[in-house]
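Structure at a glance
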Amino acid sequence: MPFFAYVGRNAQGNRIEGVMESPNGSILAEHLSESGITPIQISESTAPAESAGRQLSRLFDRQKAGFLDVLLFSRQMYTLMKAGVPIMRALAGLQESAMNRAFAAVIQDLREALDSGRELSQALARNPAVFGPFYVAMVRVGETTGRLEEVFLQLFHHLEFQKYMKDQVKSALRYPSFVVLAMAIALVIINIFVIPAFAKVFKGFNAELPLMTRILIGFSDFTLAWWPAMLTMLIVAVFVFRAFVRTIDGQLAWDRFKLRIPIAGKIIRKATLARFARSFAMAARSGVPVVQGLTLTGQVVENAYIAKKLEDMRMGVERGESVLRTAVASGVFTPVVLQMVMVGEESGSLDEMMLEIADMYQREVEYELKNLSAQIEPILIVALGVMVLILALGVFLPMWDLGKAAIK
């Protein structure tokens, strides 16, 4: 496809120049007019040269386009399309008003893809780091059914729900994480600085030290002597773990383990199933078949184990089984949820029941998160008490024995 150099003026009368790919000059002129630019001159040109630094900059910028940018993009696209603004003009306005330079580059890429004749879903798929498979698939459904603006609104609510769940989890884990980090730092300081100082004093007693004191001194000496090896082993273990969870089997095992973690596991499970139920309801309301809906929702649950169960459900539905039967076989849903699925399937309102399930799981997650600190605090207090008790016994028992010997 040829390139054309154009000169025009925007609504403020400012001179605009550039090079753009287009089938012919007439289509380019029409596109510029829709974008709010009045063309003055259009002539054939060569492809614009882009330096390696610029390419690297664009790639880096796109990687920085974040979740909030996509969230706002979805809402703004719905508002503009509902007002009757053409897609090209809407994208041009969003690019000019984008506060994030990285996301502005992504929108520019979308406009160029649309200019070359691609559909919006194909243009979005060119930026997989920004727009995930579920987002692209839902936009494709909106294009097919002619309900694109409604799909953008549903995507906005879907992303807003995901953000809310993540923020709630981070908020609940902030205090316990701080306490655990503080305990770890205190333990390192005690082993490196405090216990060695007491060990020098105890050696002057010329007496047999209590078992707890010998253990503390031995652990401190081991830490001081082998800390480079321990640090190396820790770094290697982190890299090995990250490489393991990047594999299919490793990701499956890790995600399955996360669901079994005490206290936090049930919250992760409920949050994941809430995300699945809301995504499935949105897909069903957009006219997506059940089989395809299960495939799409498996891409957004962010848990390989649950995604595998959804894939098993999809295969069961393809074989002619009911959604209820496959949900029972998956073993991840509670009896109450299974009963709601049965009612929704029999009444033909499975999407409504899935929304009810999502709301129910969301309420349960909110309740669990509010009580998370109350559940973790006793464990932290006991752990802190045990650590203080061990240190106190190890440090003060020799002094106590020395005091008793002096009295005698």
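Everything discussed here concerns the structure shown above.
Okay, so let's go over this structure. All values derive from a computational prediction rather than experimental measurement.

1. Quick word on the overall build of the protein chain
The secondary structure content of the protein chain amounts to 17 helices and 3 strands. Counting all 408 residues of the protein chain, 38% fall into the buried class. Across the protein chain, the fraction of contacts at a sequence separation of at least 24, relative to all contacts at a separation of at least 6, is 61%. Of the roughly 22900 Å² of accessible surface on the protein chain, a fraction of 63% belongs to carbon and sulfur atoms.

2. Details of the environment of Gly250
As for its placement among the helices and strands, Gly250 is situated in helix H10 (residues 248–258). Take Gly250: its relative accessible area is 0%, and that puts it in the buried class. Distance in space between the C-alpha atoms of Gly250 and Ala304 is 9.6 Å, their sequence separation being 54 residues.

3. Let's talk about helix H9 (residues 211–246)
Between its first and last C-alpha atoms H9 spans 44 Å; for 36 residues at 1.5 Å apiece the expected length is 52 Å, and the helix comes up short by more than 12%. Its maximal kink placed at Trp226, H9 deviates by approximately 75 degrees, while the proline Pro228 follows within four residues. Among the residues of H9, Thr213, Leu216, Ile217, Ser220, Thr223 and Val245 are the ones counted as buried.

4. A short note on the packing of helix H14 (residues 323–330) against helix H15 (residues 335–347)
Interaxial distance between H14 and H15 falls to 9 Å at its minimum, and their mutual angle equals 165 degrees. Accordingly, the angle class assigned to the pair H14 and H15 is roughly antiparallel. Along this stretch, H14 crosses H15, giving a crossing that reads as right-handed. Residues Val323, Leu324, Ala327 and Val328 of H14 touch H15, and the partners they reach there are Leu338, Val341, Met342 and Glu345. In the contact of H14 with H15, the residues fall into 7 nonpolar, no polar and 1 charged.

5. Regarding the packing of aromatic side chains
Where two aromatic rings form a pair, the distance of their centres and the angle of their planes describe that pair. Counted under the stated rule, the structure contains 10 aromatic pairs. Here the aromatic rings of Phe131 and Tyr135 are separated by 5.3 Å at their centres, their planes lie at 45 degrees, and the arrangement is tilted. A ring pair is formed by Phe276 and Phe333, whose centres lie 5.9 Å apart and whose planes are at 50 degrees; its orientation type is tilted. Linking Phe276 in helix H11 (residues 264–285) with Phe333 in the loop between H14 and H15, this pair joins segments that are 57 residues apart in sequence. Phe333 carries the same exposure label as Phe276, and that label is buried. Pairwise contacts between aromatic rings join Phe73, Phe103, Phe131, Tyr135 and Phe152 into one cluster. Above the face of the Phe156 ring, Arg75 is positioned so that its terminal group lies 5.2 Å from the ring centre.

6. Brief notes about the pattern of salt bridges
This structure, assessed with the given rule, holds 10 salt bridges. A salt bridge links Glu311 to Arg314, with the shortest nitrogen-to-oxygen separation between them at 2.4 Å. Here Glu311 and its partner Arg314 are both found in helix H13 (residues 304–318), 3 residues apart, which amounts to about one turn of the helix. By relative accessible area, which is 30% here, Glu311 ends up partly exposed. Here Arg314 falls in the buried class, since its relative accessible area comes to 14%. Taking the shortest distance from any N to any O, the salt bridge between Glu318 and Arg314 comes out at 2.6 Å. Taken together, the residues Glu318 and Arg314, both in helix H13 and 4 residues apart, mark about one turn of the helix. Through salt bridges with shared partners, a single network forms among Lys266, Lys270, Glu364 and Glu368.

7. Concerning the nonpolar core
If you look at the biggest cluster of nonpolar residues, it comprises 41 residues, and the most contacted ones within it are Phe276, Ile306, Phe333, Met354 and Ile357. Put simply, the parts of the chain that give this core at least two residues each are helix H8 (148–203), H11, H13, H14, H15, helix H16 (350–370) and helix H17 (372–407). Considering every element that reaches this core, the biggest residue donor is H16, with 9 residues. Those residues within four positions of Ile306 in sequence are excluded, and the remaining contacts are Leu259, Thr272, Leu273, Val301 and Val332. Within the second largest apolar cluster, 39 residues are counted, among which are Leu91, Phe152, Leu159 and Met282.

8. A few points about helix H5 (residues 101–115)
The first and last C-alpha atoms of H5 sit 21 Å apart over 15 residues, in line with the 21 Å expected at 1.5 Å per residue. Along H5, 12 of the 15 residues are buried, which leaves the element largely enclosed by surrounding structure. Between the side-chain oxygen at the start of H5 and the backbone nitrogen of Ala102 there is a gap of 2.9 Å, and the oxygen is on Asn100. Just beyond H5, the residue with positive phi is Gly117, at close to 100 degrees.

9. Observations regarding the environment of Phe333
For Phe333, a relative accessible area of 13% puts it in the buried group. Along the sequence, Phe333 and Lys270 sit 63 residues apart, while their C-alpha atoms lie 9.4 Å from each other. Not counting the four nearest positions on each side in its chain, Phe333 is found in contact with Leu273, Phe276, Met313, Ala327, Leu338 and Tyr361.

10. With respect to the side chain of Glu368
Tracing the chain through its elements places Glu368 in helix H16. On the accessibility criterion, Glu368 (10% relative accessible area) is buried. Looking at Glu368, its side chain comes within polar contact range of the side chain of Lys270, at 3.5 Å. Not counting residues within four places of it along the chain, the set of residues in contact with Glu368 comprises Lys266, Ile267, Lys270 and Gln375.

So, how was this worked out
Residues numbered from 1 in each chain as written. Predicted model: local features only at pLDDT ≥ 70, side-chain atom pairs only at ≥ 80, totals over all residues. Heavy atoms only, no water. Helix = DSSP H or I, 4+ residues; strand = E, 2+ residues; numbered from the N terminus. Buried < 20%, exposed > 50% of the residue type's maximum accessible area, 1.4 Å probe, protein only. Contact = heavy atoms within 4.5 Å. Areas by Shrake-Rupley, 256 points an atom, 1.4 Å probe, with all protein chains shown as cover. Expected span 1.5 Å × (residues − 1). Bend = angle between axes of the 7 residues up to and from the residue. Axes fitted to C-alpha atoms, helices over the stretch in contact; angles between N-to-C directions. Parallel < 35°, antiparallel > 145°, perpendicular 65-115°, else oblique. Left-handed = near helix turned anticlockwise from the far one by under 90°. Nonpolar A, V, L, I, M, F, W, Y, C, P; charged D, E, K, R; others polar. Phe/Tyr/Trp six-rings, centres within 6.5 Å; stacked < 30°, edge-to-face > 60°. Lys NZ or Arg CZ within 6 Å of the ring centre and 35° of its normal. Salt bridge = Lys/Arg side-chain N within 4 Å of Asp/Glu carboxyl O. Core = buried A, V, L, I, M, F, W, Y, C linked by side-chain atoms within 4.5 Å. Polar contact = N/O pair within 3.5 Å; in protein donor to acceptor, adjacent residues only side chain to side chain.

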